[in-house]
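Coordinates in review
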Amino acid sequence: MTLFRLDASIRKVESHSRQMADIVEREWREAHPDEPIISRDIGTEPLPATAWAAAVTAGSAPEESRSPEQRDAVALAAALTDELVAADSLLLAVPLYNFGVSQHFKTWVDLIATDDRMQPHVEPVVAGKPTVLATVHGGYYAAGTPREGWDHATAWYRRILADVWKLDLRVIETEFTLVGVNPNLSQFEDMAARMRAEAEDLARSYGRTLAA
Ligand SMILES: Cc1cc2nc3c(=O)[nH]c(=O)nc-3n(C[C@H](O)[C@H](O)[C@H](O)COP(=O)(O)O)c2cc1C
């Protein structure tokens, strides 16, 4: 059994998405004390933003005429895809930034989407892999809240991971991580603590699912 873990938070310390992924990973590790974990940290070691265009344009160029940048980009996309292929289950920890998708995560997805094994006309090589996405929001965007509809990231994550890549996806959404940081949100402390406890329960449960 091998677990692949991706972190997209731009911070290492006090990162809620890393904390939630740690809970999932701990449950997995308990069941698999000696098995490997493949880690990739795109938050603190970002993928080059120019690699995607190079990988896309390489696709229509005969191999011998590809530039060094195109060759590197194709190799990077293959290496990223290989990491997923090598794993039995996937753990992805991705925050919400500026009401949208983390740019580092988008680059990671876009690069993998250029690999031959992930093209629309073939069954994705990762199809069916049990996957946990731990996403965190500074605010709270549920139905009926003042900012309902402002989270433009989570639906996209689900679309790509579950519908396009056909992963067996479970999502943990941790809300209100800015409570305790932003004084304007202090009235929501109890609610945030309650939602955090629920999210942590879910993380433990999904960790056991990944380990099974
Ligand atoms: C540059 C930046 C932009 C952010 N934009 C949003 C946002 O649009 N909506 C939101 O709810 N939280 C936003 N946040 C808050 C983060 O989602 C929140 O702090 C989250 O916990 C970050 O993930 P981490 O704790 O794993 O580092 C932003 C944080 C940063 C640093």
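Remember, predicted model here, so these are calculated numbers, not experimental data. (Residues numbered from 1 in each chain as written. Predicted model: local features only at pLDDT ≥ 70, side-chain atom pairs only at ≥ 80, totals over all residues. Heavy atoms only, no water.)

So, on to the overall build of the protein chain. For the protein chain, the count of helices and strands is six helices and five strands. Of the regular secondary structure in the protein chain, the N- to C-terminal order runs β-α-β-α-α-β-α-β-α-β-α. Relative to the compact-globule value of 17 Å for 212 residues, the protein chain shows a C-alpha radius of gyration of 18 Å, a close match. Projected onto its principal axes, the C-alpha coordinates of the protein chain cover approximately 60 × 40 × 30 Å. Here the protein chain holds 212 residues, and 46% of them are scored as buried. Of the contacts formed within the protein chain by residues at least 6 apart in sequence, a portion of 77% connects residues at least 24 apart. Carbon and sulfur atoms make up 51% of the accessible area of the protein chain, which amounts to about 10,700 Å² in all. Computing the positive centroid from 21 side-chain charges and the negative centroid from 32, the protein chain places the two 1 Å apart. (Helix = DSSP H or I, 4+ residues; strand = E, 2+ residues; numbered from the N terminus. Rg over C-alpha atoms; globule rule 2.2 N^0.38 Å. Buried < 20%, exposed > 50% of the residue type's maximum accessible area, 1.4 Å probe, protein only. Contact = heavy atoms within 4.5 Å. Areas by Shrake-Rupley, 256 points an atom, 1.4 Å probe, with all protein chains shown as cover. Lys, Arg positive; Asp, Glu negative; His and termini not counted. Charge placed at Lys NZ, Arg CZ, Asp CG, Glu CD.)

Around the ligand sit 18 residues in total, of which Ser9, Ser15, Ser17, Phe99 and Tyr141 are the nearest. Note that an oxygen atom of the ligand is positioned 2.5 Å from one of the side-chain N or O atoms of tyrosine 141. Surface burial for the ligand is 79%, taken as the share of its 630 Å² of free accessible area covered by protein chains. In terms of residue class, the shell around the ligand is built from seven nonpolar, nine polar and two charged. (Near = heavy atom within 4 Å. Polar contact = N/O pair within 3.5 Å; in protein donor to acceptor, adjacent residues only side chain to side chain. Nonpolar A, V, L, I, M, F, W, Y, C, P; charged D, E, K, R; others polar.)

Moving on, we come to helix 1 (residues 16-31). Compared with an ideal rise of 1.5 Å per residue, which puts 16 residues at 22 Å, helix 1 spans 24 Å between its outermost C-alpha atoms and is within 8% of the ideal. Taken together, the buried positions of helix 1 are His16, Ser17, Arg18, Met20, Ala21, Ile23, Val24, Glu27 and Trp28. In this fold, the buried residues of helix 1 make contact with strand 1 (3-7), strand 2 (37-41), strand 3 (89-95), strand 4 (130-136), strand 5 (168-174) and helix 6 (189-211). (Expected span 1.5 Å × (residues − 1).)

To continue, consider the nonpolar core. Judged by nonpolar contacts, the single largest core of 34 residues is most densely connected at Phe105, Trp108, Leu161 and Trp165. Those elements giving two or more residues to this core turn out to be strand 1, helix 2 (51-59), helix 3 (68-85), strand 3, helix 4 (103-112), helix 5 (154-164) and strand 5. Excluding anything up to four places from it in sequence, leucine 161 contacts Leu92, Phe105, Leu133, Lys166, Leu167 and Leu169. Counting 16 residues, the second-largest nonpolar core is a separate cluster that includes Ile23, Trp28, Val132 and Tyr206. (Core = buried A, V, L, I, M, F, W, Y, C linked by side-chain atoms within 4.5 Å.)

Below, the discussion takes up the pattern of salt bridges. One pass over the full model with this rule turns up 16 salt bridges. With a closest N to O distance of 2.8 Å, glutamate 83 and arginine 40 form a salt bridge. Of this pair, glutamate 83 sits in helix 3 while arginine 40 is found in strand 2, placing the two residues 43 residues apart along the sequence. For glutamate 83, a relative accessible area of 15% gives the class buried. On the accessibility criterion, arginine 40 (22% relative accessible area) is partly exposed. A salt bridge links arginine 117 to aspartate 82; the nearest nitrogen and oxygen atoms lie 2.8 Å apart. On the criterion of sequence distance, the pair formed by arginine 117 in the loop between helix 4 and strand 4 and aspartate 82 in helix 3 is long-range, its members being 35 residues apart. Judged by its relative accessible area of 28%, arginine 117 is partly exposed. The network of salt bridges with shared partners includes Arg5, Asp7, Asp22 and Glu25. (Salt bridge = Lys/Arg side-chain N within 4 Å of Asp/Glu carboxyl O.)

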